[in-house]
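# Report on the structure
Given next are the chains, with one letter for each unit.
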Amino acid sequence: MYNNIFDTHAHYDDERFSEDSEELLSSFLSDGISGVISCGVNAESSKANIELAKKYPFIYAAVGYHGLNTEDLTVDYLEILCELVKEEKVVAVGEIGLDYHYEKETRDIQLEVFRRQIELANEYDLPVIVHDREAHEDTLNILKELKPKGVVHCFSGSVEMAKEIIRLGMYIGLGGAVTFKNAVKPVEVAKFVPEDRLLLETDAPYMTPVPFRGKRCTSLHIPYTAEKIAEVRGIDTQYLLNITDRNARMLFNIKSYD
Ligand SMILES: [Zn+2]
């Protein structure tokens, strides 16, 4: 059994956890999970994650507006976020960023809200948790310009892009995608990322690793991702868990329990 399993990206406010979250989350500490960042995607989900963080000692919250939730924001959305970041156990602004997978019309507002949230994170000296789906160029340009601390989660770019992110002092988050049969780029990136820049994540309930594809993902699946990454890097899995736990605590400014 492994320990020091730190899941830097999950959504435990998601309705797919509503039935058994108590039972599931209560089991985490005895299953070697050392920490979880539960990420908001709008104001309501950010508040729900703050509540979870208050309830469970190993859960921390990230607050923000996901790129796909930027269309119907009220004018006071930044003021709301300003209040949320001041809450107990809020360790990051996220998940924020750009999602160009769907219609093009929302791109301008996505860009605007992404920028404003990074500026707010910088003002409060908090890291950002960045979502980048099919928006590599715009994401990189904004990160280069505003230079936040943080992580590009579920990293799907090339090794070249990973180099640029690392040059900015940011981290690369890798999850279940590295275990997928058609994974090429994530595996190359998993090999390349310097030891002190790598974070593990699930994106639970999404992105379930092999061999559980199609099932609900939870932080308990991290070892499958970790084993794959350790294998391609030629290192021990527990060693990888140890260094990624340390990296997560460094970035999100979270002390160890022991
Ligand atoms: Zn997510």
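Residues numbered from 1 in each chain as written. Predicted model: local features only at pLDDT ≥ 70, side-chain atom pairs only at ≥ 80, totals over all residues.

### Some thoughts on the pairing of strand 4 (residues 90–99)
Here is the rule we go by: With C-beta atoms placed from the backbone, a residue is labelled by how many other C-beta atoms lie within 10 Å of its own: buried for 20 or more, exposed for 12 or fewer, partly exposed between the two. A run of DSSP states H or I qualifies as a helix once it reaches four residues; a run of E qualifies as a strand once it reaches two. Both are numbered from the N-terminal end. Strands are labelled as partners when DSSP assigns at least two bridges between them. Handedness of a crossover: with both strands directed away from the viewer, a clockwise path from the first strand across the helix to the second marks it as right-handed.
Counted residue by residue, strand 4 has 9 buried out of 10 residues, so it is predominantly covered. Looking at chain direction, strand 3 (residues 59–63) and strand 4 are connected through 3 bridges and run parallel. The residue of strand 4 that forms the bridge with Ala61 is Val90. Pairing between strand 4 and strand 5 (residues 128–133): 5 bridges, direction parallel. Each residue of the ladder has a partner; that of Gly97, found in strand 5, is His131. Handedness of the crossover joining strand 4 and strand 5 through helix 4 (residues 107–123) is recorded here as right-handed.

### Describing helix 9 (residues 237–252)
What counts, and what does not: Here the expected length of a helix is defined as 1.5 Å per residue gap, with one fewer gap than residues. Regarding the arc, it is the one traced by the directions from the helix axis to the C-beta atoms.
Helix length check: helix 9, at 16 residues, gives a terminal C-alpha distance of 22 Å against a target of 22 Å (1.5 Å per residue), a fit within 8%. Where helix 9 is concerned, the buried positions are Leu240, Leu241, Thr244, Asp245, Asn247, Ala248, Leu251 and Phe252. The arc that holds the buried residues of helix 9, viewed along the axis, is 165°, so those residues lie on one side. Two residues or fewer past helix 9, Asn253 is found with a positive phi of approximately 55°.

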